[in-house]
Amino acid sequence: MKKLFENEYKMETKLFNEYVYNVLCKKMIISGVIISLIGILFFCLITSPIAYIILTASIIAFICSIVGPIILSKELEENSKRLNNGQIEKTNIIFSNNIIMNEGKVHLEFEYGQINKILQTKKFIILKISEQSAILVFKNGFLKGTEEDFITFIKDKIRVK
């Protein structure tokens, strides 16, 4: 097995938050804020008693768009700790014929064909496998290869599909 790229990092709260707010919950946050604004607008325009129901729903939508990501981020961090005896372990990802990911005693393997989308945040290159699962590649975590070369490499791999 020839390593083409290797990436390593240790997740911490701010990294969990970056993934949750910028990827997993981005649509929910935007939708919640839009629904809240529309609800407040309707509350101001409608004079019937239903306006209070609309206002209440818009407040609930706003609260959910704020509280939901906080809860999810904490859940992801706790799940990671639970898998690794109460602590966060380093994540090591090797890109060769396939993708090998190790986090403590957790070992996963993926094929490049499973990746359906590439996203980027400030600190991550995110290889989406589904709406709720992804391989996070830390931009400053390359032990072999560079961020720029990796992006070119992974885009070429995805185009092959």
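In what follows, the structure referred to is the one given above.
Residues numbered from 1 in each chain as written. Predicted model: local features only at pLDDT ≥ 70, side-chain atom pairs only at ≥ 80, totals over all residues. Heavy atoms only, no water.

**A few points about the overall build of the protein**
Scanning the protein for helices and strands turns up four helices and eight strands. Radius of gyration (C-alpha) of the protein: 20 Å, far over the 15 Å computed for a compact globule of 161 residues. A principal-axis box enclosing the C-alpha atoms of the protein has dimensions of 70 × 40 × 25 Å. Residues classed as buried in the protein amount to 37% of the 161 residues present. At a minimum sequence separation of 6, the contacts of the protein that also span at least 24 residues come to 58%. Carbon and sulfur atoms make up 60% of the accessible area of the protein, which amounts to about 9,800 Å² in all. (Helix = DSSP H or I, 4+ residues; strand = E, 2+ residues; numbered from the N terminus. Rg over C-alpha atoms; globule rule 2.2 N^0.38 Å. Buried < 20%, exposed > 50% of the residue type's maximum accessible area, 1.4 Å probe, protein only. Contact = heavy atoms within 4.5 Å. Areas by Shrake-Rupley, 256 points an atom, 1.4 Å probe, with all protein chains shown as cover.)

**As for the pattern of salt bridges**
For the structure on display, the rule yields four salt bridges. Residue Lys90 pairs with Glu8 through a salt bridge whose shortest N-O separation is 3.6 Å. Taken together, the residues Lys90 in strand β2 (residues 90-95) and Glu8 in strand β1 (residues 5-10) connect sequence positions 82 residues apart. The exposure class of Lys90 is partly exposed, given its relative accessible area of 48%. Glu12 is paired through a salt bridge with Lys14; the nearest N and O atoms lie 3.6 Å apart. On the accessibility criterion, Glu12 (37% relative accessible area) is partly exposed. Note on Lys14: relative accessible area 51%, which makes it exposed. (Salt bridge = Lys/Arg side-chain N within 4 Å of Asp/Glu carboxyl O.)

**So, the nonpolar core**
Counting residues in hydrophobic clusters, the biggest one holds 34 residues, and the most contacted among them are Phe95, Leu127, Ile135, Val137 and Phe150. Put simply, the parts of the chain that give this core at least two residues each are β1, α1 (13-24), β2, β3 (99-103), β6 (124-128), β7 (134-138) and α4 (147-159). The greatest single-element share of this core, amounting to six residues, is contributed by α1. Not counting the four nearest positions on each side in its chain, Val137 is found in contact with Asn7, Ile93, Phe95, Lys123, Phe124, Ile125, Leu127, Phe142 and Phe150. (Core = buried A, V, L, I, M, F, W, Y, C linked by side-chain atoms within 4.5 Å.)

**Here we look at the side chain of Ser80**
Relative to the helices and strands, Ser80 is located in helix α3 (residues 50-83). Taking the relative accessible area as the measure of exposure, Ser80 reaches 8% and is therefore buried. The residues touching Ser80, leaving out its near neighbours within four places in the chain, are Phe16, Gln87, Ile88 and Glu103.

**Thoughts on α3**
In a regular helix each residue adds 1.5 Å, so 34 residues correspond to 50 Å; α3 covers 48 Å between its end C-alpha atoms and thus fits that length. Buried residues along α3 sit against α1, α2 (26-45) and β3. (Expected span 1.5 Å × (residues − 1).)

Worth remembering: the numbers are spatial, not functional.
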